[in-house]
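Below, each chain spelled out in residue letters.
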Amino acid sequence: MILSQETSTPNFDSPAKRIIIGIQFLFVAFGATVLVPLLVGIDPSVALFTAGIGTLIFHLITKGKVPVFLGSSFAFIAPIVAATELYGLPGALSGLIAVGLVYGFASAIIKVWGLGVIEKIFPSIVVGPVIMIIGLSLAPVAVNMAKTNWIISSVSLLTAVLIVVYSKGMIKLIPIFVGIIVGYILSIVLGKVDFTSINDAAWFALPDFVRPQLNWGAVLYMLPVAFAPIIEHVGDMYAIGGVANKKFVKDPGLHRTLLGDGIATAFAGFFGGPPNTTYSEVTGAIALTKVTDPRVLRIAAITAVVFSLIGKVSAFLKTIPQAVLGGIMLLLFGMIASIGIKTLIDAKTDFSKTRNQVIISIVLTVGIGGAQISYGTFSLAGIGLASLVGVILNLILPDTSRPIKGSKEK
């Protein structure tokens, strides 16, 4: 059921209507939620389970006031892959739990001193290029997956692009989901899908949970990565507040929403799932349908948990060919990088300042170039190192740097 944009006050007296719309919202987030675990080697059923429970935890902490669904965060794909190679998945999970604790720490800071402290340490001049790195560092992964079958990957990519550019209504919000389905159907036609695992899978099965193991190297590797999603969370809360015409940053408060996100992320880490984040796709669906009832999002969360317990769903997701995922990634990772550029543009970053050019260039070079600092078993590299370098440069470089030749300081 899709309500038109002209519908100003939808009627949710019927539980059946709420259930239908709740399931619909899950499918808006479904493609992205299961895509992250498929890329980092985690059971997608675990991601559905932790996303569902994490969303319910978020609603509990925020007093059930915010219409939000938490799904797998793309910001952590590259760090999870790298940390898994260095410390193993159980070690990487301990780093993800620490990320959730960082959210809690940031929540406490916002509660006591306000958002200004966070914005001072992590301004757009740091967050923008870090987000760009998140997308660009994954470009080789997308290409390597796509080139396993360029026909399938191209069709998957083209489908997603056409949905994004030309479609309207609810379907415009699920380009990943539609692209995967079309690519999967083409893969079946070309004989690239093996259904054996689906036939062998049980209808009911617990997700393949993984227990974390404390590894301080993984913890220190992951911690700096947390700050870009924190800033993203702040923007998402303002966005969903604008859609619902409520100030969620005031009530229940940004400190509560960030704490809910953090505890949900730590919970995911304990069970072997990827970190959670608020989904802009769901916010778009809420804006389109005018459905701002948080109960509907809780129905979506419960549905995600139910899906995670259906063994054949997990088996089906694991049969999706690499080429299909690669085609979608060619679009998605580039779009992540473009969000970083948009962050700088929206903040009206002054590129005539040599200071700003220095920060952006060094952050990008360190992050994309694979710079690494190691001491014993400790290692800091990639996005984490780039984030730390950006923060330090922003704090120590004077804000009155000389402009480049031919320009004027603003």
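Rules used in this analysis
- Residues numbered from 1 in each chain as written.
- Predicted model: local features only at pLDDT ≥ 70, side-chain atom pairs only at ≥ 80, totals over all residues.
- Heavy atoms only, no water.
- Helix = DSSP H or I, 4+ residues; strand = E, 2+ residues; numbered from the N terminus.
- Rg over C-alpha atoms; globule rule 2.2 N^0.38 Å.
- Buried < 20%, exposed > 50% of the residue type's maximum accessible area, 1.4 Å probe, protein only.
- Contact = heavy atoms within 4.5 Å.
- Areas by Shrake-Rupley, 256 points an atom, 1.4 Å probe, with all protein chains shown as cover.
- Lys, Arg positive; Asp, Glu negative; His and termini not counted.
- Charge placed at Lys NZ, Arg CZ, Asp CG, Glu CD.
- Salt bridge = Lys/Arg side-chain N within 4 Å of Asp/Glu carboxyl O.
- Expected span 1.5 Å × (residues − 1).
- Bend = angle between axes of the 7 residues up to and from the residue.
- Patch = residues over 30% accessible without salt bridge, like charges linked within 9 Å, V, L, I, M, F, W, Y side chains within 5 Å.
- Phe/Tyr/Trp six-rings, centres within 6.5 Å; stacked < 30°, edge-to-face > 60°.

A.B. asks: Describe the overall build of the chain, listing the residues and the values that go with them.
C.D. replies: Of the regular secondary structure elements, the chain holds 18 helices and four strands. Taken over the C-alpha trace, the chain has a radius of gyration of 21 Å; the compact-globule value for 410 residues is 22 Å, and the two agree within 12%. In terms of overall dimensions, the chain has C-alpha extents of about 65 × 50 × 45 Å along its principal axes. Residues classed as buried in the chain amount to 55% of the 410 residues present. Considering only contacts in the chain between residues 6 or more positions apart, those separated by 24 or more positions represent 83%. When the accessible surface of the chain is totalled, it reaches about 17,900 Å², and 66% of it is carbon and sulfur. Where the 28 positive side-chain charges of the chain centre and where its 18 negative ones centre are 7 Å apart.

A.B. asks: Let's hear about the pattern of salt bridges: which residues, and what values?
C.D. replies: It is possible for side chains of opposite charge to pair when their charged atoms get near one another. For the structure on display, the rule yields four salt bridges. Between Asp 251 and Lys 65 there is a salt bridge, with the nearest N and O atoms lying 2.8 Å from each other. Taken together, the residues span a long stretch of sequence, with Asp 251 in helix α12 (residues 249-271) and Lys 65 in the loop between α2 (44-61) and β1 (70-72) at a distance of 186 residues.

A.B. asks: Before we move on, could you go through helix α1 (residues 15-40) and cite the residues and values that matter?
C.D. replies: Here α1 is 26 residues long and its end C-alpha atoms lie 37 Å apart, about the 38 Å a rise of 1.5 Å per residue gives. Along α1, the sharpest change in direction is near 45° and occurs at Ala 29. With 19 of 26 residues buried, α1 is to be regarded as a mostly interior element. A positive phi of about 85° marks Gly 41, the residue just after α1.

A.B. asks: Quick rundown of the side chain of Asn 276? Include the residues and the values.
C.D. replies: Inspection of the secondary structure puts Asn 276 in strand β2 (residues 276-278). With residues up to four places along the chain from it excluded, the contact list for Asn 276 reads Thr 50, Ala 51, Gly 54, Leu 70, Gly 71, Ser 72, Ser 73, Asp 261, Ala 264, Thr 265 and Ala 268.

A.B. asks: So, a nonpolar patch on the surface: which residues are in play, and what are the values?
C.D. replies: Among the surface-exposed residues, Ile 151, Ile 181, Ile 185, Val 189 and Leu 190 lie close enough to one another that they form a single nonpolar patch of about 460 Å² accessible area. Per element, the largest residue contribution to the nonpolar patch is three residues, and it comes from helix α8 (residues 175-189). Residue classification places Ile 185 among the partly exposed residues on the basis of a relative accessible area of 48%.

A.B. asks: Account for the packing of aromatic side chains, with residues named and values stated.
C.D. replies: Pairs of aromatic rings are described using the distance from one ring centre to the other and the angle between the two planes. For the structure on display, the rule yields six aromatic pairs. Plain terms: the ring middles of Phe 209 and Phe 271 are 5.4 Å apart, the flat faces sit at 70° to each other, and that makes the pair edge-to-face. Of this pair, Phe 209 sits in the loop between α9 (196-200) and α10 (216-222) while Phe 271 sits in helix α12, and the two are 62 residues apart along the sequence. Judged by its relative accessible area of 29%, Phe 271 falls in the partly exposed class. Taking the centre distance of 4.6 Å and the plane angle of 40° together, the rings of Phe 267 and Phe 271 count as tilted.

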